[in-house]
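Structural overview
Now for the letters of each chain:
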Amino acid sequence: VMSFFKGLAGIKELTKEDLAPALQKLQDQLVGKNVAVNIAEQLCNSVGASLEGIKPGSFSSVSRLVRSAMTDALTRLLTPKQSIDILSQAKSVKKNEKRPFVVVFCGVNGVGKSTSLAKVCFYLQQQGLVVHLAACDTFRSGAVEQLRTHARCLKAELHEQGYNKDAASVAKYAITTAAKSNADVVLIDTAGRMQDNEPLMRSLAKLISVNSPDRIFFVGEALVGNDAVDQLTKFDSAISTLAPPQSVPRHVDGIILTKFDTIDDKVGAAVSMVYATGQPIVFVGVGQTYMDLRKVNSKALVNALLK
Amino acid sequence: MVLGDLGKRINRAIRLMSDATVIDEAVVKEMLNEIAKALLEADVNIKYVAQLKNRVLNRVKFEELAAGVNKRKMIQGAVVDELCALLDSGRDPVPLKKGKPNVIMFVGLQGNGKTTSCVKYAHYHQRKGWKTALVCADTFRAGAFDQLKQNATKARIPFYGSYTETDPVKLAIEGVNRFKLDKFELIIVDTSGRHKQEKALFEEMEQMSEAVNPNDVIFVMDSSIGQAAEDQAKAFRSSVSVGSVIVTKLDGHAKGGGALSAVSGTGSPITFIGIGEHMTDFEPFNTQSFVGRLLGLGDISGLMNM
Ligand SMILES: Nc1nc2c(ncn2[C@@H]2O[C@H](COP(=O)(O)OP(=O)(O)OP(=O)(O)O)[C@@H](O)[C@H]2O)c(=O)[nH]1
Ligand SMILES: Nc1nc2c(ncn2[C@@H]2O[C@H](COP(=O)(O)OP(=O)(O)OP(=O)(O)O)[C@@H](O)[C@H]2O)c(=O)[nH]1
Ligand SMILES: [Mg+2]
Ligand SMILES: [Mg+2]
């Protein structure tokens, strides 16, 4: 394809037909890197539209043009538009409002919510903040003991009321108690749930409505395929539409992308998730220890996708 | 439920094709593109999707079609065959022997549902009259023993584990030996989550497998997994002798194609699926009846032999 179009370069304006083969190839590559099919398609369509009618310079092949436009589009997408610095946000809430900064971790089963919560706790403690944990997964066997183990290792205070309790009230109790003891941050663990399970999604919406956390982090794993989009959009909409009447509408405020160490260069879930709601990736999980938490490197991501 | 959308889309693509006045290569290609898209959206590995397209095209003999054989049936048959090939490992599940100690080791990626499925599997067999026990050989994950213990207690299944021992291989040996002494028939060993990128974790799994010499190694995979499924599945298989696959979380929205790619990756059949968090949310799995249901074709054994 490349050599064929090289001959045309500089001669005529690019048409849809000129672009189609290179775009299809790129789309397949993105899908192979685990970008959701519909999103790979939409990205390629908009890159195609931006190049239609352009007269390529004499040295550029169509495929090179397409790749460079895609590099720009992906970089724009993956570079956070708003601040993702929760450290300074937490400090400013504590200073100005004299109360702890509250973060809820939610997501489907087994993605790494509780582990990420422990990593974020460690990160904030390293920066000198006093962090309390709230065991609001009152359903899954071992969930409370899992958090207790982390609390012990991290020397963080844990608020728990055992199993089969109303998660929203456990969170309320944790936040009130933490505020009394002058904590800087409260991190709330929740039970994993499938995005189509309405009763469970309703209970998450209630927990959020009752406790008005400062941040709602969606935890998703880099291993997830096309389901990434559905997970994120359904969590995002459920926490407003399934909330009790008169609640302040809320949305997912950020993404934690876990298990990044298990996917080699198949980093496409990052694209799917950010594309789904426009929310930034706040942290990336790269292993199973407390240190394995990173900020996203959008340039490296784009390189891995287009390599 | 499971993969339902995919079935509908494949059927629609086949129907649209057979509505065409002339069925030529272009029409079949268009149908295959539709099917390919549906499979990719269900996370089937992109390599297998390309393979399926080529195989179907190669099998359809356009000259014969022109001569008036039943086109729809012939092409549908080719598609179904190739889909089955994708899902069918060609191997039978490892048989369990009554009255003997059968040691079963559960392995898989982090958080994919090993511990939950272990207990479901134990519960399922215990109800069928097997003398069943669980061994927790996960010394890594916080709360792992409590999780297994609480689940096993609910299901009234004897269990073995430790809060203080840090060597999972040692624990596995102790647990298995103890239950062998007590004449248990099904001894299920739960292990930590691991992934191919971390060598030490795979070495630990190999040591454990050598030490307890399992009758079957069950690879547990989350149905929502995408394109990384096959690489991981292959790595597990080349490290231990995986004999069966359990696909979990099929109660979600995920279409499970990624996990199904694990079948090709491990060369082992899916034996059970997990469809919820509760003990009984667990079903035996049969590939052929599954593909039949998937395509809304009823029993497809007739179609398969065309
Ligand atoms: N390799 C790797 N493993 C991770 C990472 N984050 C979490 N895990 C592992 O994933 C498994 C599940 O983690 P949890 O934190 O229990 O997940 P969860 O979302 O809280 O699970 P539920 O509460 O059961 O829904 C554990 O074995 C973690 O060690 C990561 O970034 N990399
Ligand atoms: N909805 C649903 N959730 C499931 C299913 N199977 C397991 N889970 C949930 O998935 C999460 C992880 O399951 P675990 O059994 O802890 O996974 P694991 O593979 O043992 O995890 P590690 O030991 O950390 O590697 C838990 O929240 C389970 O309740 C299923 O079939 N459906
Ligand atoms: Mg958890
Ligand atoms: Mg486990």
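Our subject is the structure listed above.
Residues numbered from 1 in each chain as written. Chains lettered and ligands numbered in written order. Predicted model: local features only at pLDDT ≥ 70, side-chain atom pairs only at ≥ 80, totals over all residues. Heavy atoms only, no water.

1. Some points on the overall build of chain B
Within chain B, the regular secondary structure consists of 13 helices and eight strands. A compact globule built from 306 residues would reach a C-alpha radius of gyration of about 19 Å, and chain B, at 22 Å, matches this within 12%. Taken along the three principal axes of its C-alpha coordinates, chain B extends 70 × 40 × 30 Å. Within chain B, buried positions represent 58% of all 306 residues. Of the roughly 12700 Å² that chain B leaves accessible, carbon and sulfur atoms contribute 49%. With 39 positive and 36 negative side-chain charges, chain B shows a separation of 4 Å between the mean positions of the two kinds. (Helix = DSSP H or I, 4+ residues; strand = E, 2+ residues; numbered from the N terminus. Rg over C-alpha atoms; globule rule 2.2 N^0.38 Å. Buried < 20%, exposed > 50% of the residue type's maximum accessible area, 1.4 Å probe, protein only. Areas by Shrake-Rupley, 256 points an atom, 1.4 Å probe, with all protein chains shown as cover. Lys, Arg positive; Asp, Glu negative; His and termini not counted. Charge placed at Lys NZ, Arg CZ, Asp CG, Glu CD.)

2. A short note on the site of ligand 2
Residues and elements named next belong to chain B. Surrounding ligand 2, one finds 23 residues, the nearest of these being K114, T116, R141, D251 and E277. A distance of 2.7 Å is found between an oxygen atom of ligand 2 and a side-chain nitrogen or oxygen belonging to K114. At 2.7 Å, a side-chain N or O of D251 approaches a nitrogen atom of ligand 2. Burial of ligand 2 by the protein amounts to 96% of the accessible area it has alone, namely 660 Å². (Near = heavy atom within 4 Å. Polar contact = N/O pair within 3.5 Å; in protein donor to acceptor, adjacent residues only side chain to side chain.)

3. So, the layout of surface pockets
Put simply, the second largest pocket is a space of about 460 Å³. Taken together, 19 residues line the second largest pocket, and the ones lying closest to its centre are A:Q24, A:D28, B:N33, B:A36 and B:K53. The set of elements that each furnish at least two residues to the lining of the second largest pocket consists of α2 (16-32) and α3 (37-51) of chain A together with α2 (25-41) and α3 (46-59) of chain B. With seven residues, the single largest contributor to the lining of the second largest pocket is α2(B). Along the lines of polarity and charge, the residues of the lining of the second largest pocket split into nine nonpolar, four polar and six charged. (1 Å grid on protein atoms, 1.4 Å probe; cavity = no way out; pocket = protein on both sides within 12 Å on 5 of 7 lines; lining within 4 Å. Points joined across faces, edges and corners; volume = space filled by probe spheres on them. Nonpolar A, V, L, I, M, F, W, Y, C, P; charged D, E, K, R; others polar.)

4. Details of the interface of chain A and chain B
Facing 38 residues of chain A, the contacting portion of chain B comprises 37 residues. For the pairing of chain A and chain B, the buried interface totals around 3100 Å² over both sides, and the portion due to carbon and sulfur atoms is 51%. Among the residues chain A hides against chain B, the three largest losses belong to A:S141, A:L223 and A:Q288. Together they make up 18% of the total. Counting every contact that joins chain A to chain B gives three salt bridges. Among the ionic pairs, A:D264 bridges to B:K196, the shortest N-O distance being 2.5 Å. Elements represented by at least two residues in the side of chain A that touches chain B include exactly α2, α3, α7 (143-154) and α10 (227-241) of chain A. Among the residues making up the side of chain A that touches chain B, the classes are represented as eight nonpolar, 17 polar and 13 charged. (Contact = heavy atoms within 4.5 Å. Buried area = accessible area lost by both parts, 1.4 Å probe. Salt bridge = Lys/Arg side-chain N within 4 Å of Asp/Glu carboxyl O.)

5. Some thoughts on the site of ligand 1
By nearness alone, 24 residues border ligand 1, and A:K113, A:S114, A:T115, A:R140 and A:Q288 come closest of all. Near ligand 1, the surrounding residues belong to chains A and B. A:K113 is positioned with one of its side-chain polar atoms (N or O) 2.7 Å from an oxygen atom of ligand 1. Within the contact set of ligand 1, an oxygen atom lies 2.5 Å away from a side-chain nitrogen or oxygen of A:T115. Considered on its own, ligand 1 offers 660 Å² of accessible surface; in the complex 96% of this is hidden by protein. No other element matches the four residues that helix α6 (residues 113-126) of chain A contributes to the shell around ligand 1.

6. Regarding the pairing of strand β5 (residues 215-221) of chain A
All names here are of chain A. Burial analysis of β5 places six of its seven residues in the buried class, the great majority of the element. Pairing of strand β1 (residues 101-106) with β5 involves four bridges; the strand directions are parallel. Across the sheet, residue F105 finds its bridge partner in β5, namely F217. Crossover handedness for the path β5 to α10 to strand β6 (residues 254-258): right-handed. (Pairing = 2+ DSSP bridges. Right-handed = clockwise from strand over helix to strand, strands pointing away.)

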